[in-house]
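# An overview of the molecular structure
Listed below, chain by chain, are the residues.
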Amino acid sequence: MNQPPPDSYALDPSWTDLVPLPQDDGEHPLAQIAYTEEYSEAMSYLRAIMAKNEYTPRVLQVTAHIIEMNPAHYTVWLYRAKTLLSLLQSDDGAAADLGRELRFLNDLALRHQKNYQIWNHRQTVVEAMAAAPELVGQMVREEKQFTNAMFRRDGKNYHVWSYRQWLVRRFAAWAGEVEFVDGLLAADVRNNSAWNHRYFVIFGQQGEEGVGDEVVEREVRVVEDAVFIAPQNASAWNYLRGLLGKVGRPLSSVEGLCLTYAPLDNPDAITSSHALDLLADIYAGRKEERAKAIKALELLAARYDPIRANYWNYRAGIIKAAA
Amino acid sequence: MSTPTPPALHKPKHTKYWLRCLKTCLPTDYTSTDLNRLTLAFFCVAALDLLGCLHTETTEEERNGWIDWLYKNQLPTGGFRGSPATDLGDRGSGSAWDPPNIPASSFALATLVSLGDDMGRVKKRELLELLPKMQRADGSFGEWFGGDGQIVGGNDMRFVYCAIAIRWILRGREGKGVVEGVQDIDVEGVVKFIRSAESYEHGISDKPFGEAHAGLTYCAIGALSLLGRLHPTSDGLSSHANILRWLTSRQVPSLPQDELTDEQFEKQATQGTEQEITAGSTITYGADGKPLWAGFNGRCNKKTDTCYSFWVCGSLDMMKKLHLIDFNGNRRFLLEKTQHFMGGFAKLPVPGTPPDILHSFMGLASLALMREEGLNRLDPTLCISMQAKERLVNMDWWKDAAVV
């Protein structure tokens with residue numbers, strides 16, 4: 001753990017050498033905040049020690065204190081990172097324990113789900129740890145485990161997903177990622193972040209040669225299974241569009257699937273507005289079937305997705321104008 | 001039988017809310033935004049400007065005092081700090097720990113314009129010269145400048161938008177402002193970065209392969225608009241048709257279960273009767289067959305949130321396609337589901353959620369884009385009132401002077 005903050009910096013012998021630098025808010029300040037005395041005092045000492053450009057173990061103490069009260073304080077994080085890295089190189093190396101730093105971050109991340117800075121700092125720490133190649137495998141496993149723990153609380157946390165992608169790419173840790181996504185989608189087939197990660201895993205690591213036909217077939221089957229469970233799940237249909245676009249297959253290759261969920265000749269049996277939307281695009285591309293496209297869009301506007309009636313009518317207008 | 005009250009914007013309450021934010025101390029809870037005080041200041045000033053009472057409910061002396069305060073947070077080397085919290089006074093003069101911050105600089109300029117300042121004291125050249133130093137090789141921008149040439153902070157669209165807004169404001173009409181001898185940013189690099197962050201869903205994300213996100217999409221479209229690269233035939237986006245589908249898909253009908261807290265929802269899902277669960281996910285339709293309430297989410301299959309009513313509507317307005325959304329559904333979502341009885345807007349339609357500065361501004365801004373009666377019109381790109389923008393573009397230095 002970090003050394004706990006002093007009850008009072010002014011009275012603590014390890015801090016009395018510093019002259020605190022109180023905040024000058026000026027006259028007519030905007031967006032003034034009712035700071036606690038504890039925050040004001042810690043900030044005054046932070047400013048004082050920053051002004052000296054000091055990189056000593058006590059910097060870790062005051063920065064941890066500030067971070068606890070304001071984890072979105074941006075300069076404090078870089079100051080802490082520079083101090084850690086500087087201590088690692090110095091005789092005080094023992095004061096900078098990167099494993100302890102990660103545990104500090106774990107605790108903060110769990111309590112401050114929406115914070116950006118924690119994850120930037122984590123990248124810095126993990127990069128520093130990667131300087132020891134023999135430890136990288138274990139570290140990456142543990143990092144994946146921690147992000148998994150975060151996803152159990154919120155499977156759509158943007159910062160955590162961004163970090164996971166960075167981790168996987170940085171350490172070429174692609175193994176097991178598809179199975180990981182399979183697990184998340186089994187728990188919640190509407191988790192769009194998991195679908196997005198799937199796309200990243202399938203297409204993010206390939207070179208110029210692209211993915212093989214068997215992968216494309218498998219992914220189409222994954223979508224088929226997903227929309228069978230939840231026909232109205234936009235995430236799965238969007239993934240299908242993305243997949244087909246990426247590998248250059250025409251949308252018409254899934255016309256049959258769409259008709260299963262949106263039988264145009266039997267509107268009462270339609271169960272997916274997204275399938276209708278896809279059909280509208282498929283038929284709009286065929287001159288002789290534009291009437292079917294218009295019909296799909298009219299069904300969307302009037303019955304299956306009326307909140308977007310203006311949009312569906314706009315689409316129909318474009319097709320009519322082209323005719 | 002009483003007739004239901006028609007939804008209305010409670011203007012006096014909002015005015016009161018914003019005057020309180022502007023003139024009294026914000027609660028301790030705002031400590032986590034301490035380093036973004038110039039951003040908070042922008043929301044307070046711009047909100048009163050939208051309400052049309054910035055110049056009537058505050059005195060000239062107050063406004064001048066706030067202008068001076070903003071300039072006090074301008075660094076001698078150009079650019080603005082995020083908050084007086086990093087001001088190290090004489091001891092830290094030129095310190096890397098009191099850095100210029102890109103969002104703060106952008107919001108400071110917008111606030112000065114809104115307050116009626118002529119921007120005569122803005123270190124325009126220095127700030128413009130800072131921008132290329134803040135740009136990374138991939139075209140993105142950092143959040144702040146960490147001394148020794150270090151570009152710090154995440155590399156997502158928020159900072160791209162802010163950097164481009166600064167550039168647009170300071171360069172003036174067709175670059176007739178302060179450009180002489182100033183090295184420009186890599187514009188093609190910015191466009192390339194935005195294109196690289198367009199996801200397979202065709203919204204914009206934080207980086208290649210990231211998840212499409214409406215806030216980041218707004219920032220990207222705003223940057224393209226200010227760079228003159230948003231036209232349908234331009235190359236800033238894969239296609240307008242693609243992004244329009246994604247943007248319009250963000251509007252979703254309200255469900256009764258949206259008004260539950262996470263704990264209540266969990267309880268209903270696990271212990272509720274089948275009837276309760278069905279009722280919780282039933283859309284209410286009006287006589288016209290359309291859902292009565294429909295706000296916006298920021299990502300596919302996420303819940304509605306007040307701020308996305310602005311991020312999505314602002315994006316569509318810049319693309320001249322705002323008419324494709326359902327105005328009534330959005331308006332009623334904001335006025336009946338997230339407008340707070342004390343003024344301001346809450347983030348979520350969950351009863352008991354307090355209003356906050358960000359969401360209170362975003363709610364007003366979304367209504368202003370839909371031309372709500374009683375609100376000034378909003379420029380969707382700069383996010384300031386049309387009047388404020390008019391003042392800016394009519395300043396001499398902006399129109400035709402090469403000011404040194």
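Chain B appears in an unreviewed UniProt entry as Terpenoid cyclases/Protein prenyltransferase from Choiromyces venosus 120613-1. Under Cofactor (unreviewed entry), UniProt gives the following word-for-word description of chain B: "Zn(2+)". Under the UniProt heading Sequence similarities (unreviewed entry), the entry covering chain B gives this text: "Belongs to the protein prenyltransferase subunit beta family."

Per an unreviewed UniProt entry, the recorded name for chain A is Protein farnesyltransferase/geranylgeranyltransferase type-1 subunit alpha, and the organism is Choiromyces venosus 120613-1. Under Sequence similarities (unreviewed entry), UniProt gives the following word-for-word description of chain A: "Belongs to the protein prenyltransferase subunit alpha family." Recorded in UniProt under Cofactor (unreviewed entry), the annotation for chain A is "Mg(2+)".

### Comments concerning the packing of helix α7 (residues 158–170) of chain A against helix α8 (residues 177–187) of chain A
All names here are of chain A. The contact between α7 and α8 brings their axes to 13 Å, and the two run at 160°. When the axis of α7 is compared with that of α8, the two are roughly antiparallel. Judged by residue contacts, W161, R164 and V168 of α7 engage E177, F180 and L184 from α8. Residues belonging to the contact of α7 with α8 are distributed by class as follows: 4 nonpolar, no polar and 2 charged.

### Considering the pattern of salt bridges
In this structure the tally under the stated criterion is 45 salt bridges over all chains. The salt bridge partner of R245 of chain B is D277 of chain A, with a shortest N-O separation of 3.0 Å. With R245 of chain B in helix α10 (residues 240–248) and D277 of chain A in helix α13 (residues 273–284), this residue pair bridges two chains. Classification of D277 of chain A by relative accessible area gives buried; the value is 7%. The partner of R308 of chain A in a salt bridge is D305 of chain A, with the nearest N and O atoms 2.7 Å apart. Just as R308 of chain A is buried, D305 of chain A falls in that class too. One network of salt bridges, in which partners are shared, links R241, D277, D281 and R315 of chain A together with R245 of chain B.

### Notes on the packing of aromatic side chains
Taken as a whole, this structure holds 36 aromatic pairs over all chains when the rule is applied. When the centroid spacing of 5.2 Å and the interplanar angle of 55° are considered together, the rings of W119 of chain A and Y163 of chain A count as tilted. Here W119 of chain A, found in helix α5 (residues 117–129), pairs with Y163 of chain A, found in helix α7; they are 44 residues apart in sequence, far enough to count as distant. The pair formed by W119 of chain A and Y163 of chain A is uniform in burial state, with each residue classed as buried. Each member of the aromatic cluster is reached from another via a ring pair, and the members are W174, W195, Y199, F200, F203 and Y239 of chain A together with Y200 and F209 of chain B. The cationic tip of R58 of chain A hangs over the ring face of W15 of chain A; the distance from NZ or CZ to the ring centre is 5.0 Å. Across the ring face of W293 of chain B, the terminal group of K337 of chain B is positioned such that the distance to the ring centre comes to 4.0 Å.

Calculation criteria
Residues numbered from 1 in each chain as written. Chains lettered and ligands numbered in written order. Predicted model: local features only at pLDDT ≥ 70, side-chain atom pairs only at ≥ 80, totals over all residues. Heavy atoms only, no water. UniProt positions renumbered as here; feature names shortened; annotations may be inferred. Axes fitted to C-alpha atoms, helices over the stretch in contact; angles between N-to-C directions. Helix = DSSP H or I, 4+ residues; strand = E, 2+ residues; numbered from the N terminus. Parallel < 35°, antiparallel > 145°, perpendicular 65-115°, else oblique. Contact = heavy atoms within 4.5 Å. Nonpolar A, V, L, I, M, F, W, Y, C, P; charged D, E, K, R; others polar. Salt bridge = Lys/Arg side-chain N within 4 Å of Asp/Glu carboxyl O. Buried < 20%, exposed > 50% of the residue type's maximum accessible area, 1.4 Å probe, protein only. Phe/Tyr/Trp six-rings, centres within 6.5 Å; stacked < 30°, edge-to-face > 60°. Lys NZ or Arg CZ within 6 Å of the ring centre and 35° of its normal.

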